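Spelled out, the chains give:
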Amino acid sequence: MNKKIFTEPLFKGNPITVLVLGICSALAVTTKLEPAIVMAISVTIVTGFSSFIISLIRNTIPNRIRIIVQLVVVAMLVILVDQILKAYSYEVSKQLSVFVGLIITNCIIMGRIEAFALGNKPFPSLIDGLANGFGYGIILVVIAFVREFFGSGTLFGIQIIPLNWYLKNGGFYENNGLMILPPMALILIGLIIWVQRSISKDLIEK
Amino acid sequence: MQELVNIFVKSIFMENMIFAYFLGMCSFLAVSKSVKTATGLGIAVIFVLVITLPVNYLIYKYVLLPGALSWLSPQFADLDLSFLSFIIFIAVVASITQLVEMVVEKFTPALYSSLGIFLPLIAVNCAILGGSLFMQERGYETLGQATTFALGSGVGWFLAIVSLAAIREKLKYSNIPAPLRGLGITFIVVGLMGIAFMSFMGIKL
C-alpha cells in the first residue's frame, strides 16, 4: 500500500507531466542544475511536511476556512526553508530569488493536501507528499541537466565539454544559446510529455 | 510620469508574467480552452492584482521593512519584520480575494456569474503572490509605481491567456501526433509564443 503511494507520483501520476501542477515556480530555476536541485529538495520537504501537519489536524479544521489554514501552515514551512537557505547557502538563495516564496502557491502542495492529506492518516500523507516532491524534482533535474549541458556546456558549474572544442579556440562547437532562454524549458516539458505518453499509451488525451 | 509609462510597458511586454517568469502557469494552462472563459479569468487577475499589490506595498513599507514601524513609536526603530513578508502577503491575497468575491457577488451578480469559479482560484495563482514578491525585490519607491506595475503585469497576463486560448481553439482542427495531443502541444505552443515575446527584450526603456 505504502509502496504504491510512493511509486505512483514518480511516473504514472507525475505532478508536472500528468496532473499539470506546480509548473508556476518551477521552470525559471532550471537554467542550472544546482538551483534546480535545491528547489526540488525545498519543495519535497515543504510538500511532505505540510501534508503531514494538515493530516494531523484534519479532523479539527472547520471546512469553510480550510484554505486559509492550509496556506498558513504552508507559509510557515516556506519561511523556515527560506531562512535556512539564506543562512547556509546565500548564493543559491539569491539565484532562486522570489521563487522560494512562490513555493507557497505551488499547486502541488495545495493539490496534495486537498486530494490526499485531508482524507488520510498522517504517515501515508507524509509519504504521498514526499513522493510528489520527488516526482516534481525528477522533471526539474532532467530539464536542468539538458539546459545546463547544452546551454553552457557545464554541469554543476564544472566545464564538461572540452574548451578546445569551441569555435573561438579553433574547434567546431558552439553552445546553444536558445537553451538558456526561458521558453526552451516549456518546449522541453512538451517533449518530455511526448516521450512519456508514447511509453504509456493510456495517458493519451482524446 | 514618463517613469510610470516605462514601468507599464515593461511589465506588459519585456517582463511578462507568463513568458518571462512562468507565473500563474497552472491556471494559464487549465483555463485556456476557450476565449470566453480565458477573458473572464484574465479580467479577474487584473482586478485582484491592482487591489492586492498596493495594499501589500503599504503594509510592506509601513510595517515590515527594517525600522518601518518607527512612525508608531521610536523604540521600534530597528525592528526588522521582513521575514514575515511571505505569510503576510499570502494572507492579504487570500483575504482580499475572498472580500472581492463577496463584493462582486453582492453588487454585480452578472459579473459574478461569469467570474464565479475563477475568483477563489486566484488566491493560489502564483501571478498574484509573484507580483507582490517582485514589488518587494525590485523595491518600487512610490505607491504609483507599485500600482502601475500591478496594472501592467495584469494586462500582460490577460493578453497572454487570451492569445493562447485563441490558438488552442484553432489547434483542435490540426492533426497532431497522438501522444502530443492536449497538454504536450500546449506547452510547445506556449514556448514558441515565449520566443516571439522575447523580441521585445531588445527594447531599451
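Residues numbered from 1 in each chain as written. Chains lettered and ligands numbered in written order. Predicted model: local features only at pLDDT ≥ 70, side-chain atom pairs only at ≥ 80, totals over all residues. Heavy atoms only, no water.

Asks: How do you make sense of the packing of helix α4 (residues 35–64) of chain B against helix α5 (residues 85–107) of chain B when you look at a structure like this?
Replies: Describing two packed helices takes the angle between their axes plus the distance from one axis to the other. All names here are of chain B. One can describe the packing of α4 onto α5 by two numbers: an axis separation of 10 Å at closest approach and a directional angle of 140°. Classified by the interaxial angle, the pair formed by α4 and α5 is oblique. Handedness of the α4/α5 crossing: right-handed. From α4, Phe 47, Val 48, Ile 51, Thr 52, Val 55, Asn 56, Ile 59, Tyr 60 and Leu 64 reach across to α5, where they touch Ser 85, Ile 88, Phe 89, Val 92, Val 93, Ile 96, Thr 97, Val 100 and Val 104. (Axes fitted to C-alpha atoms, helices over the stretch in contact; angles between N-to-C directions. Helix = DSSP H or I, 4+ residues; strand = E, 2+ residues; numbered from the N terminus. Parallel < 35°, antiparallel > 145°, perpendicular 65-115°, else oblique. Left-handed = near helix turned anticlockwise from the far one by under 90°. Contact = heavy atoms within 4.5 Å.)

Asks: For this particular structure, what's the right way to read the side chain of Asn 56 of chain B?
Replies: Residue and element names in this part refer to chain B. Within the secondary structure, Asn 56 sits in helix α4. Judged by its relative accessible area of 0%, Asn 56 falls in the buried class. For Asn 56, the side chain forms a polar contact with the side chain of Ser 132, separated by 2.7 Å. The contact partners of Asn 56, leaving out residues within four places of it in the chain, are Phe 89, Val 92, Val 93, Ser 132 and Met 135. (Buried < 20%, exposed > 50% of the residue type's maximum accessible area, 1.4 Å probe, protein only. Polar contact = N/O pair within 3.5 Å; in protein donor to acceptor, adjacent residues only side chain to side chain.)

Asks: I keep staring at the packing of aromatic side chains and nothing clicks. Help me out?
Replies: Both the distance between ring centres and the angle between the ring planes are used here to describe each pair of aromatic rings. All names here are of chain B. Considering all chains together, one arrives at 9 aromatic pairs over all chains under this definition. Note on Phe 197 and Phe 200: the rings are 5.6 Å apart at their centroids and 65° apart in plane angle, and the pair reads as edge-to-face. Taking the relative accessible area as the measure of exposure, Phe 197 reaches 17% and is therefore buried. Judged by its relative accessible area of 28%, Phe 200 falls in the partly exposed class. Three or more aromatic residues link up through ring pairs in this structure, and these residues are Phe 13, Phe 19, Phe 197 and Phe 200. (Phe/Tyr/Trp six-rings, centres within 6.5 Å; stacked < 30°, edge-to-face > 60°.)

Asks: I keep staring at the nonpolar core and nothing clicks. Help me out?
Replies: The nonpolar side chains of soluble globular proteins are, as a tendency, buried together. Counting 101 residues, the largest nonpolar core has Met 39 and Ile 104 of chain A together with Met 25, Phe 28 and Trp 157 of chain B as its most contacted members. The dominant element in this core, judged by the number of residues it contributes, is α4 of chain B, at 10 residues. Other than its neighbours up to four places away in sequence, Trp 157 of chain B contacts Met 17, Ile 18, Leu 23, Gly 24, Ser 27, Phe 28, Leu 41, Gly 42, Val 45, Asn 125 and Ala 127 of chain B. (Core = buried A, V, L, I, M, F, W, Y, C linked by side-chain atoms within 4.5 Å.)

Asks: Could you clarify how one ought to interpret the layout of surface pockets in this entry?
Replies: The volume enclosed by the second largest pocket comes to roughly 430 Å³. Lining the second largest pocket are 16 residues, and of these Asp 82, Lys 86 and Ser 97 of chain A together with Phe 86 and Gln 136 of chain B lie nearest its centre. Elements with a minimum of two residues in the lining of the second largest pocket: α3 (66–88) and α4 (90–96) of chain A together with α5 and α8 (126–138) of chain B. Across the lining of the second largest pocket, the residue classes break down as 5 nonpolar, 6 polar and 5 charged. (1 Å grid on protein atoms, 1.4 Å probe; cavity = no way out; pocket = protein on both sides within 12 Å on 5 of 7 lines; lining within 4 Å. Points joined across faces, edges and corners; volume = space filled by probe spheres on them. Nonpolar A, V, L, I, M, F, W, Y, C, P; charged D, E, K, R; others polar.)

Asks: Just checking my understanding: could you explain the confidence of the model for chain B for this structure?
Replies: Close inspection of predicted coordinates is inappropriate in any region flagged by low pLDDT. Looking at chain B, the pLDDT average stands at 83 and 95% of residues meet or exceed 70. In the model output, the complex is listed with pTM 0.81 alongside ipTM 0.79. (pLDDT = per-residue confidence, 0-100.)

Asks: Could you clarify how one ought to interpret the packing of helix α9 (residues 143–171) of chain B against helix α10 (residues 183–197) of chain B in this entry?
Replies: All names here are of chain B. Put simply, α9 and α10 touch, their axes get as near as 11 Å, and they point 130° apart. Judged by the inter-axis angle, α9 sits oblique to α10. α9 and α10 meet at a crossing whose hand is right-handed. Across the interface between the two elements, Ala 160, Ser 163, Leu 164, Ile 167, Arg 168 and Leu 171 of α9 pack against Ile 185, Thr 186, Val 189, Val 190 and Met 193 of α10.

Asks: Where do I start with empty space enclosed by the protein in this structure?
Replies: Empty space among the atoms can be located by rolling a probe the size of a water molecule over them. All names here are of chain B. Enumeration over the complete set of coordinates arrives at 1 cavity of 30 Å³ or more. What lines the largest cavity is Phe 13, Met 14, Asn 16, Phe 19, Ala 20, Gly 194, Phe 197, Met 198 and Met 201. When contributions to the lining of the largest cavity are tallied by element, the ones reaching two or more residues are α1 (2–14), α2 (17–21) and α10. Class assignment for the residues of the lining of the largest cavity results in 7 nonpolar, 2 polar and no charged.

Asks: In this structure, what is going on with the interface of chain A and chain B? I would like to understand it.
Replies: The accessible area lost on association of the parts is a frequent measure of interface size. Each partner contributes to the interface: chain A provides 42 residues, whereas chain B provides 38 residues. Roughly 3,500 Å² of surface becomes buried between chain A and chain B when both sides are summed, with 85% attributable to carbon and sulfur atoms. Linking chain A with chain B are 0 salt bridges, by the criterion used here. If you look at where chain A meets chain B, you find 0 residue pairs in polar contact (both at pLDDT 80 or more). Within the residue set of the side of chain A that touches chain B, elements represented by two or more residues are α3, α5 (107–115) and α7 (182–199) of chain A. For the side of chain A that touches chain B, the element with the most residues is α7 of chain A, which contributes 12 residues. (Buried area = accessible area lost by both parts, 1.4 Å probe. Salt bridge = Lys/Arg side-chain N within 4 Å of Asp/Glu carboxyl O.)

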